[in-house]
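A closer look at the structure
If you want the building blocks of each chain, they are given just below.
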Amino acid sequence: MSKIKINTFGEGIEIRKLHLDSETYYNWIAIAKRKNRPLTDLLLDPFFYHQVKDARFKGLNDIKATLVTGMQNTTKSQIEIWHNRKKVLKIQSHELFNEIVLFPLFKLAKSQNFIDHDLENGIYVVQKTIGLLRLEQFSTDTQQLKMDDFTFSVSEWENSKFLTEIKYKNQTLNTVKTDTTIINQTAFEIQ
């Protein structure tokens with residue numbers, strides 16, 4: 001058995017579509033009106049969850065949501081692939097997203113998630129992050145790695161592409177660790 005480890009570093013994006021039940025939503029709208037602030041601003045305020053006094057919600061991460069995360073196409077972003085404790089490949093983001101080549105270097109696939117279609121009504125939170133976006137590890141029987149065995153799923157948000165998932169031989173990899181810092185966050189509501 002050989003071990004494969006994939007590190008994804010750099011600038012990332014997290015897009016959440018929040019799923020609030022109607023009672024909670026209308027209670028929070030009432031609080032927002034009393035405070036004379038939009039609900040989308042209050043959701044980003046960590047002190048808001050203390051004022052709500054609901055044991056189910058201690059922060060934004062406690063709200064049920066559909067989440068899409070990925071690595072953005074910036075100069076700071078890169079992927080490292082390790083095989084049996086040896087770094088075998090380092091991919092800069094511009095190499096992955098470069099579409100102006102005669103023969104594609106990597107197998108890219110269009111990701112299928114909620115942001116690839118028209119956005120539905122609801123509250124969305126977009127966070128820009130930096131750091132170790134994901135670390136994935138798995139074991140395989142093969143002793144030799146081939147780049148054709150990897151598929152990189154790509155999605156698009158506000159005319160910017162980002163990597164959402166890496167598959168090895170059509171197998172979805174599980175994230176073992178992430179360590180990021182939020183550098184920007186916004187929220188908006190579509191009604």
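Summarised in this report is the structure supplied together with it. Given the structure is predicted, the values throughout are model-derived calculations rather than measurements.

1. Notes on helix H1 (residues 22-35)
When the terminal C-alpha atoms of H1 are compared, their 20 Å separation across 14 residues agrees well with the 20 Å that a helix rising 1.5 Å per residue should span. Summarising the contacts, the buried residues of H1 are in contact with helix H2 (39-44), helix H3 (48-52), strand S6 (122-140) and strand S10 (175-190). With its phi angle positive at about 60°, Asn-36 sits one or two positions after the end of H1.

2. Here's the deal with the packing of aromatic side chains
Per the counting criterion, the structure on display carries ten aromatic pairs. Between Phe-48 and Tyr-49 the ring centres are 5.4 Å apart and the planes differ by 75°, which places this aromatic pair in the edge-to-face class. Comparing Phe-48 with Tyr-49 shows no difference in burial state: the two are buried. Positioned above the aromatic ring of Trp-82, the side-chain terminus of Lys-5 is 5.4 Å from the ring centre.

3. Let's talk about the pairing of strand S8 (residues 160-168)
Direction of pairing for strand S2 (residues 65-72) relative to S8: antiparallel, over a ladder of two bridges. Bridge assignment links Gln-72 to a residue of S8, and that residue is Phe-162. Where strand S7 (residues 150-157) folds back onto S8 in an antiparallel hairpin, the turn is made up of two residues, including Glu-158, whose phi is positive at roughly 50°. Relative to strand S9 (residues 171-172), S8 runs antiparallel, the two sharing two bridges. What sits directly across from Tyr-168, in S9, is Gln-171.

The rules we used
- Residues numbered from 1 in each chain as written.
- Predicted model: local features only at pLDDT ≥ 70, side-chain atom pairs only at ≥ 80, totals over all residues.
- Heavy atoms only, no water.
- Helix = DSSP H or I, 4+ residues; strand = E, 2+ residues; numbered from the N terminus.
- Expected span 1.5 Å × (residues − 1).
- Contact = heavy atoms within 4.5 Å.
- Phe/Tyr/Trp six-rings, centres within 6.5 Å; stacked < 30°, edge-to-face > 60°.
- Buried < 20%, exposed > 50% of the residue type's maximum accessible area, 1.4 Å probe, protein only.
- Lys NZ or Arg CZ within 6 Å of the ring centre and 35° of its normal.
- Pairing = 2+ DSSP bridges.

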